[in-house]
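Per-entry structural report
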Amino acid sequence: MSLLPRTADEFSSADYWERFFRKRGEKAFEWYGDYNSLCGVLHKYIKPREKVLVVGCGNSELSEQLYDVGYRHLTNIDISETVVSQMSQRNARRRPDLTFQQVDATQMCYESGSYQAALDKGTLDAMASEEEGTLASRMLAEVGRVLAAGGRYVCVTLAQEDVIRLAVEHFAGAGWAVRIHCLNQRGGDADPSAFALPIFVLVCTKFRQPPPFAVLEMCQGEDGAPSRLATVPELLARVKERQAYALMLQKMRGGTDASSTPSLTLCHASMGHARYTLTVQDSPPSAKVPPANHFAIFIVPQGHESDWLYGSAEGRAQLASGAKFRRLIVVAMHRDQEYADMAAVQAELSPMVMELAPPGMPPNQQVPFLSVGGDLGWREVVARGVSGLTGEYSVEDVRGEDGHLYRRLVFMNNTQLVQSESRLQSSAAASTAHKKRSKKKPKPSASDASACRVKGQSVDRGFLCCTHHEVMVAGLSLLGTEVISDRDVLVSVLVVGLGGGGLPQFVRDFVPGAQVEVVELDPAVLDVAKTWFGLQTDDRLKVVLGDGLEHIRALQSQGGHSYDVIMFDVDSKDPTLGMSCPPPAFVETSLLEKVCKLLTPRGVFMLNLVCRDSVLRKSVLERLHTVFSTVFSRPIEGEVNEVLLCSRAGGQGDKSSAVPKELPQAAKSLQGALQKQCHTALGNPQIDISAMLKDLRVA
């Protein structure tokens, strides 16, 4: 399968082309390739028997080389009298039929439709910079006039953005077929300090009768299968992607530092769909790497590209450190694509990844493909949908490295983040276990019947996939042994942010006396939670659709509402912020004060904080300390997350400086209470409360 690279790096044409054309003045035609590099595509579109007009021939040897292989009907034109005289004298004896004429390409004297092909090597590029493209437009119009129906304008170009747009829009607007070939840039033995640009060959074919639709195509190499594009901007974007890819390769030939992790996406050549994403991770110069370990490819198991080890810069650096290679290419496979096996993936990737080899790697070096257990992993998209607030989403089942199946909710605007995750279990096994625990079989509800049962699998409601959810459950120990142990005591819980519903469902199922209210902004998320993640609402678990901020303000202003626990587990949709969870408005002092007033005297406020900005984190903690008497922090190992547990017990004048001594006993009581509740729910609570509180500290 042929692949087209697509890089996320923007191609800065202004700086790049300014530098390039300074260079180009020194060795003009070298940049456009010689006969050997162009002959394949030229012979494909220009036949020896055809009358060919060579526009702006200059002193290039290309016409001479074409003549020598049988092209005897070549008319070479140039505006320079000197060039025409020199070329005529040079070829008078050896090539008597090779014609050179002094002609202005913008005002040609030839009859309309008198040529079958027009060949242009760099002339369009040179003319496009004159008179803001007006000169080039007149030349293109004249070329179109002198070509017969079925004739081809074959232009060898470097495809500067303004130049290629001018030509493509001109001919596409006239109803011509437009095809662009991207030829490989000069080999890797070239001076690494030199520019390495792909050469493009623009082929525009004149129809006798223009078709009712645009014919726009892109080909990789001289023989690549054409990929059809719908619009001119899409075609131009493909050109720009190839240029950006060449620029990235040029940078990597000189090596990258460990902090620079360029990436690119390989797309299905005919369909244009993303198939692989490649991220380059170099080891730091100080790393102890075996001399023979130059280069390796690591295949990320399907469905695990968002895992910390593969989806974060820190994780990939750790992965590369453990692999011990100078350069590691981390390859992620995309959803909605089929992959036969590891051998097929290796065969498909090998031609492309070798272009990414580090500088100085010996020729014929064996490059290993690494993976987890030699397996591609497994992923199945079970549902797709569109949220009016967040856009497209995917619900997919993946096989974890522990062998279990997991269900994930992923929003397409941030595929590196798993929004929600639940572990699946065999529906038959869950049903059998439930029968053993209860003599009376309850009638399944409508929601349970539709909830996430695919191929005999259902959500294991006793298993929390996210460590921060486990910490929040463990934080209920701060309510005290008396509250936890007495199942007749009501524990009121307000959760802002539903996700897949795993956290509120767990609290409702296993915490004695829990009464849970959830506020969720997105109706699509509620629908997904009920349909695919097994959320079951009832008189002890209710979901309110609305803005969490407004809900908090309304509850506090109305009066008469109080909660033992308030949990914030809501992410920010703005990726530019240094804090991705929660949105900044949720930790403003005015809102925190309202949260505190909504808590009972024994109440606890729990906040999932994801903040990479140390200054911003410090500011959040300062605000929490001004409102709550006690603020504890529980960092999540291997993640940026930390859970903050805030208590109003003791009043603001009684600031706690240590974790309560009675907390271990309360943790044991909570563990016991959870286990006693297992007969009333699907699955067993699989959580170690004491372990979740082990690293708790005063913030």
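Residues numbered from 1 in each chain as written. Predicted model: local features only at pLDDT ≥ 70, side-chain atom pairs only at ≥ 80, totals over all residues. Heavy atoms only, no water.

Comments concerning the sheet that holds strand S4 (residues 99-102)
- Strand order in the open sheet formed by 9 strands is S4-S3-S2-S5-S6-S8-S7-S9-S10, and the pairing between neighbours is mixed. Edge positions in the sheet fall to S4 and strand S10 (227-229), since each has one partner strand and no second. Between one strand axis and the next, the sheet turns through 20° on average, direction left out of account.
- Where strand S7 (residues 177-183) meets strand S8 (residues 199-205), 7 bridges bridge the pair, whose relative direction is antiparallel. For His181, the partnering residue across the bridge sits in S8 and is Val201.
- Across the sheet, helix H6 (residues 134-146) is in contact with strand S2 (52-55), strand S5 (115-121) and strand S6 (147-157); its angle to S6 comes to roughly 140°.
- Contacting S7, S8, strand S9 (216-220) and S10, helix H8 (residues 232-253) runs over the sheet at an angle of about 20° to S9. (Pairing = 2+ DSSP bridges. Helix = DSSP H or I, 4+ residues; strand = E, 2+ residues; numbered from the N terminus. Axes fitted to C-alpha atoms, helices over the stretch in contact; angles between N-to-C directions. Contact = heavy atoms within 4.5 Å.)

As for the nonpolar core
- Among the nonpolar cores identified, the biggest contains 53 residues, and Val473, Met567, Leu674 and Ile689 are the most heavily contacted of them.
- With residues near it in sequence (within four places) discarded, Leu674 still touches Val473, Phe506, Phe510, Val511, Pro685, Ile687 and Ile689.
- Listed in part, the 41 residues of the second largest apolar core include Ala105, Ala136, Leu140 and Val168. (Core = buried A, V, L, I, M, F, W, Y, C linked by side-chain atoms within 4.5 Å. Buried < 20%, exposed > 50% of the residue type's maximum accessible area, 1.4 Å probe, protein only.)

Regarding the environment of Gln220
- With respect to the helices and strands, the residue Gln220 is situated in strand S9.
- Taking relative accessible area as the criterion, Gln220 reaches 17% and is therefore assigned buried.
- Gln220 sits 39 residues away from His181 along the chain, and the two C-alpha atoms are 5.8 Å apart.
- Separated by 3.4 Å, the side chains of Gln220 and Arg242 make a polar contact. (Polar contact = N/O pair within 3.5 Å; in protein donor to acceptor, adjacent residues only side chain to side chain.)

Section: the packing of aromatic side chains
- Counting across every chain of the model gives 10 aromatic pairs.
- Between Tyr393 and Phe411 the ring centres are 6.2 Å apart and the planes differ by 75°, which places this aromatic pair in the edge-to-face class. Here Phe411 lies in strand S18 (residues 405-411) and Tyr393 lies in strand S17 (residues 391-399), a separation of 18 residues in the sequence.
- The exposure class of Tyr393 is buried, given its relative accessible area of 11%.
- Centroid distance Phe568 to Phe586: 5.4 Å. Interplanar angle 90°. Geometry classified as edge-to-face. With Phe568 in strand S24 (residues 563-568) and Phe586 in the loop between strand S25 (579-581) and helix H19 (589-598), this pair connects stretches of sequence that are 18 residues apart. (Phe/Tyr/Trp six-rings, centres within 6.5 Å; stacked < 30°, edge-to-face > 60°.)

Some remarks on the sheet that holds strand S16 (residues 379-387)
- An order of S16-S17-S18-S19-S20 is seen for the 5 strands of this open sheet, with the pairing classed as antiparallel. Here the strands that pair on one side only, and so sit at the sheet edges, are S16 and strand S20 (457-459). Ignoring which end each strand starts from, the neighbouring axes of this sheet average 25° apart.
- Examined bridge by bridge, S18 and strand S19 (residues 418-426) share 5 bridges and lie antiparallel to one another. Bridging across to S19, Leu409 finds its partner in Ser420.
- Against the sheet, helix H17 (residues 523-532) makes contact with S16, S17, S18 and S20, and its axis sits at roughly 25° relative to S17, the strand it touches most.

Things to note about helix H2 (residues 35-45)
- Among all positions of H2, only Tyr35, Leu38, Val41, Leu42 and Tyr45 are buried. End-on, the buried residues of H2 take up no more than an arc of 145°, which puts them together on one face.
- Residues of H2 that are buried make contact with helix H3 (62-68), S5, S6, S7 and S8. (Arc of directions from axis to C-beta.)

A look at the pattern of salt bridges
- Within the structure shown, the criterion is met by 27 salt bridges.
- Among the salt bridges present, the one from Arg379 reaches Glu305, with a minimum N-O distance of 2.5 Å. Highlighted residues: Arg379 in strand S16 and Glu305 in the loop between strand S13 (295-299) and helix H9 (308-311), separated in sequence by 74 residues. The pair formed by Arg379 and Glu305 is uniform in burial state, with each residue classed as buried.
- In this structure, Glu396 engages Arg335 in a salt bridge whose closest nitrogen and oxygen atoms are separated by 2.7 Å. Taken as a pair, Glu396 in strand S17 and Arg335 in the loop between strand S14 (327-333) and helix H11 (342-353) lie far apart in primary sequence, 61 residues in all. (Salt bridge = Lys/Arg side-chain N within 4 Å of Asp/Glu carboxyl O.)

Description of the pairing of strand S28 (residues 641-647)
- Counting buried positions over the 7 residues of S28 gives 7, a clear majority of the element.
- Neither face of S28 is exposed, since Asn641, Val643, Leu645 and Ser647 on one face and Glu642, Leu644 and Cys646 on the opposite face are all buried.
- Here 7 bridges tie strand S26 (residues 599-611) to S28, and the two strands are oriented antiparallel to one another. Looking across to S28, one finds that Leu607 is bridged to Leu644.

Things to note about the packing of helix H14 (residues 467-474) against helix H16 (residues 502-510)
- Close contact between H14 and H16 brings their axes to 10 Å; oriented N to C, the two are set at 35°. Every pair of crossing elements has a handedness; the one defined by H14 and H16 is right-handed. Residues His469, Met472 and Val473 of H14 lie in contact with H16, whose contacting residues are Leu503, Phe506 and Val507.
- Split by residue class, the contact of H14 with H16 holds 5 nonpolar, 1 polar and no charged. (Left-handed = near helix turned anticlockwise from the far one by under 90°. Nonpolar A, V, L, I, M, F, W, Y, C, P; charged D, E, K, R; others polar.)

Quick look at the pairing of S7
- In terms of burial, S7 is a largely internal element, 6 of the 7 residues being buried.
- One ladder, built from 5 bridges, connects S7 with S9; its direction is parallel. Following the sheet pairing, Arg179 is matched in S9 by Glu217.

With respect to the packing of helix H18 (residues 548-558) against H19
- In the contact formed by H18 and H19, the axes pass within 9 Å of each other and the chain directions differ by 50°. Put simply, H18 runs oblique to H19. When you trace H18 past H19, the crossing you get is left-handed. Along its contact with H18, which presents Leu549, Ile552, Arg553, Leu555 and Gln556, the element H19 presents Leu591, Lys594, Val595, Lys597 and Leu598.
- Residues of the contact of H18 with H19, tallied by class, amount to 6 nonpolar, 1 polar and 3 charged. (Parallel < 35°, antiparallel > 145°, perpendicular 65-115°, else oblique.)

So, the environment of Gly499
- Take Gly499: it is sitting in the loop between strand S21 (491-496) and H16.
- A relative accessible area of 16% places Gly499 in the buried class.
- Separated by 30 residues in sequence, Gly499 and Ala529 place their C-alpha atoms 6.9 Å apart.
- Setting aside chain neighbours within four positions, we find Gly499 in contact with Ser420, Glu520, Val525 and Ala529.

Side note on the confidence of the model for the chain
- Mean pLDDT for the chain: 86, with 86% of residues reaching 70 or above.
- Predicted confidence for residues 4-21 stays below pLDDT 50, and this span has 52 contacts to residues more than four positions away or in other chains.
- The model gives residues 434-453 a pLDDT under 50, and that stretch makes 32 contacts with residues more than four places away or in other chains. (pLDDT = per-residue confidence, 0-100.)

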